[in-house]
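Here's the letter readout for the chains.
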Amino acid sequence: MTRQPFFYDITLRDGNQSLKKPWNLKEKEFIFEKLVHFGVQAVEAGFPAASDMDFEAVKRLAQIAPENLVISGLARAVEHDITRAVEAIQFCKKPRLHTFIAMSPFNMKYVLNKKPEEVRKTAIEAVRFAKESISKVSKNGEVQFSVEHFGDCTENLDFVIDTLKEVVNAGAAVINLPNTVERTRVKTFVDMVEKVCLALPDEIMIAVHCHNDLGMATAATIESYFAGATQLECCLNGLGERAGNTNIYEVAVGLHNSGVDVPLNLDDIYELALVISDMSKVAIPEKAPLIGPEALAHRSGIHQDGAVKTKDMEKGAYRPIHPTLIGRKDDEKIGFTSQSGKTAVFEIIRGAGYPITIQEAVRITPVVKEAAEKAGELPARNIIDIYFDEVFNVKGNFRLVAFEKLAEGLFNLKFFHKTEFFDMNAQGNGPVDACLSALKQAGFPQKLVDYEQYAMDGEIFGSGAAAMTVIHFEDLEGNTVLARGKDESTLKANVKAIFNGLNLMN
Ligand code: KIV
Ligand code: ZN
């Protein structure tokens, strides 16, 4: 049994602080309910000292939080921030005060303008004060301490670890190791995380908080979990400062695919992503993993073939998950371009509800490809138009002019073969028999193998089509040729099918 990851969501804090228009209380509450349903174990609800609006939001979320959910409030390592945060989070069953200070040599020198020893002292005092404050209002209250810019602490890691030991003694139960700005290799960061995990007591929960400046935050978070970090700080839709924080969907699915028991309702993911995109006004990129509109689209013939063959299997030839795992209903999209093939034509037309055989798809694919070479990806409607034209209106040497019933068992057929006009009367056991007999008299005998008649769905075929006839001729080489005809009259559908068949064979 692997240990379960602890998902600490930072959408309402790091995500929110990066928005062009941060969320108000009502919006935060709405997203909070979604997070609760998704099943995260902790929510960092905001930065109470930042504004009265954020204070009220954190307080409200603490008041409505379920008993098993940790609610955290962020505070700089200063008494005022800590006091304000404790005031806001005290109402929930599991309040957590989260304080932080930067410890990278660069930041201590150029941003904080403090000596390392001063930073160490500030960190320890802030944690001690936070622990005392939270303990006064809650018996379950905890303190989380973050080493801001931990990823930049390669040169002074020993100093950081020594400080963290003291921070733990001062009362911190959770130590967070942020990659505040992602500048270097995942391995470098993960090795540092591992070192901290090994140096601190087992009962201390180690967290990682990775920003995505180089696009590797998901990898850094997942590998940190395997190196010993249990708390994974992530954002819905990968929101957050600059290029964002670690995307929670990618981490959850990445761990799930690695056999880890992920305590989240993964099938909430797709809907959550759409809602958050709408509320944040941050569009989901077309190619975004898992949730992007294109994330499950296949365009090359080879990929389409593999995708269709493994469509109903949990593992697919060209996808990382079955779409339903994350609640995606649009399944694998097949788009037709000049790179696509018969499988795409077949799937698109079948998917739209029209009857097509794979042989028909093979036959019309060159026409569809030619159109795609000119236009790029073809909308399904255009492919269906080509299908109608190529299947129900086959062009060739034969052209039907009219077919009429003259009397019981007697019919008249008028048609052109190339430029020659024929006007034949023929008897028959019904229209198909009579039409074939007229063609035979005109010098065009056909071998009919089979024919079927269908009532058509007016909704998809349009009001002018109520009947479809499918005929099977045998050509001179003994191959069966399938042809279709459609019309509002069964009689005409029969004759149109015969003429489409003639044109396919000649
Ligand atoms: O990125 C960061 O370092 C942070 C800290 C406040 C945890 O957001
Ligand atoms: Zn951050």
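Structure: see above.
Here the structure is a predicted model, which is why all the values come from computation and not from measurement. (Residues numbered from 1 in each chain as written. Chains lettered and ligands numbered in written order. Predicted model: local features only at pLDDT ≥ 70, side-chain atom pairs only at ≥ 80, totals over all residues.)

Asks: Lay out helix α15 (residues 380–392) with the relevant residues and their values.
Replies: With 13 residues, α15 should reach 18 Å at 1.5 Å per residue; the first-to-last C-alpha distance of 17 Å fits that figure. Every buried residue belonging to α15 is among I383, Y387 and V391, and all of these are buried. Down the axis of α15, the smallest arc covering the buried residues is 50°, so these residues share one side. Looking at the packing, one finds that the buried side of α15 touches α13 (342–351), α14 (358–375) and β16 (480–487). (Helix = DSSP H or I, 4+ residues; strand = E, 2+ residues; numbered from the N terminus. Expected span 1.5 Å × (residues − 1). Buried ≥ 20, exposed ≤ 12 C-beta atoms within 10 Å, placed from the backbone. Arc of directions from axis to C-beta. Contact = placed C-beta atoms within 7 Å.)

Asks: Before we move on, could you go through the site of ligand 1 and cite the residues and values that matter?
Replies: Ligand 1 sits among D14, F100, S146, E148, N176, P178, T180, H209 and H211. Of all the secondary structure elements, the ones that give two or more residues to the shell around ligand 1 are β5 (142–148) and β6 (174–179). Across the shell around ligand 1, the residue classes break down as two nonpolar, five polar and two charged. (Near = placed C-beta within 6 Å. Nonpolar A, V, L, I, M, F, W, Y, C, P; charged D, E, K, R; others polar.)

Asks: An account of the packing of helix α3 (residues 52–64) against helix α4 (residues 79–89) is needed here, citing residue identities and associated values.
Replies: Close contact between α3 and α4 brings their axes to 7 Å; oriented N to C, the two are set at 40°. Classed by the angle they form, the pair α3 and α4 counts as oblique. Within the contact between the two elements, α3 uses F55, V58, K59 and A62 and α4 uses R84, A88 and I89. Looking at the contact of α3 with α4 residue by residue, the class counts come to five nonpolar, no polar and two charged. (Axes fitted to C-alpha atoms, helices over the stretch in contact; angles between N-to-C directions. Parallel < 35°, antiparallel > 145°, perpendicular 65-115°, else oblique.)

Asks: Give a detailed account of the environment of S340, specifying residues and quantitative values.
Replies: Assignment of secondary structure puts S340 in the loop between β10 (333–334) and α13. On the neighbour-count criterion, S340 (28 C-beta atoms within 10 Å) is buried. On a C-alpha basis, the gap between S340 and R299 in space is 5.7 Å, while along the polypeptide they are 41 residues apart. Every residue in contact with S340, bar those within four places of it in the chain, is listed here: R299, S300, G301 and Q304.

Asks: Could you give an account of the packing of α4 against helix α6 (residues 116–137), with specific residues and numbers?
Replies: The geometry of α4 relative to α6 is characterised by a closest axis approach of 10 Å and an angle of 25° between their N-to-C directions. Between α4 and α6, the interaxial angle falls into the category roughly parallel. Considering only the axes of α4 and α6, their crossing is right-handed. Counted together, E79, I82, T83 and V86 of α4 and A126, F129, A130, S133, I134 and V137 of α6 form the full contact between these two elements. Residue composition of the contact of α4 with α6, by class: seven nonpolar, two polar and one charged. (Left-handed = near helix turned anticlockwise from the far one by under 90°.)

Asks: Could you give an account of the nonpolar core, naming the residues involved and the relevant values?
Replies: Counting 97 residues, the largest nonpolar core has V43 and I71 as the members making the most contacts within it. Ranked by residue count, the leading element in this core is α6, at eight residues. Apart from the residues within four sequence positions on either side, V43 is in contact with D9, L12, F32, L35, L61, L69, I71 and S72. One finds F411, L439, I471 and I498 within the second-largest nonpolar core, a separate group that totals 22 residues. (Core = buried A, V, L, I, M, F, W, Y, C linked by C-beta atoms within 7 Å.)

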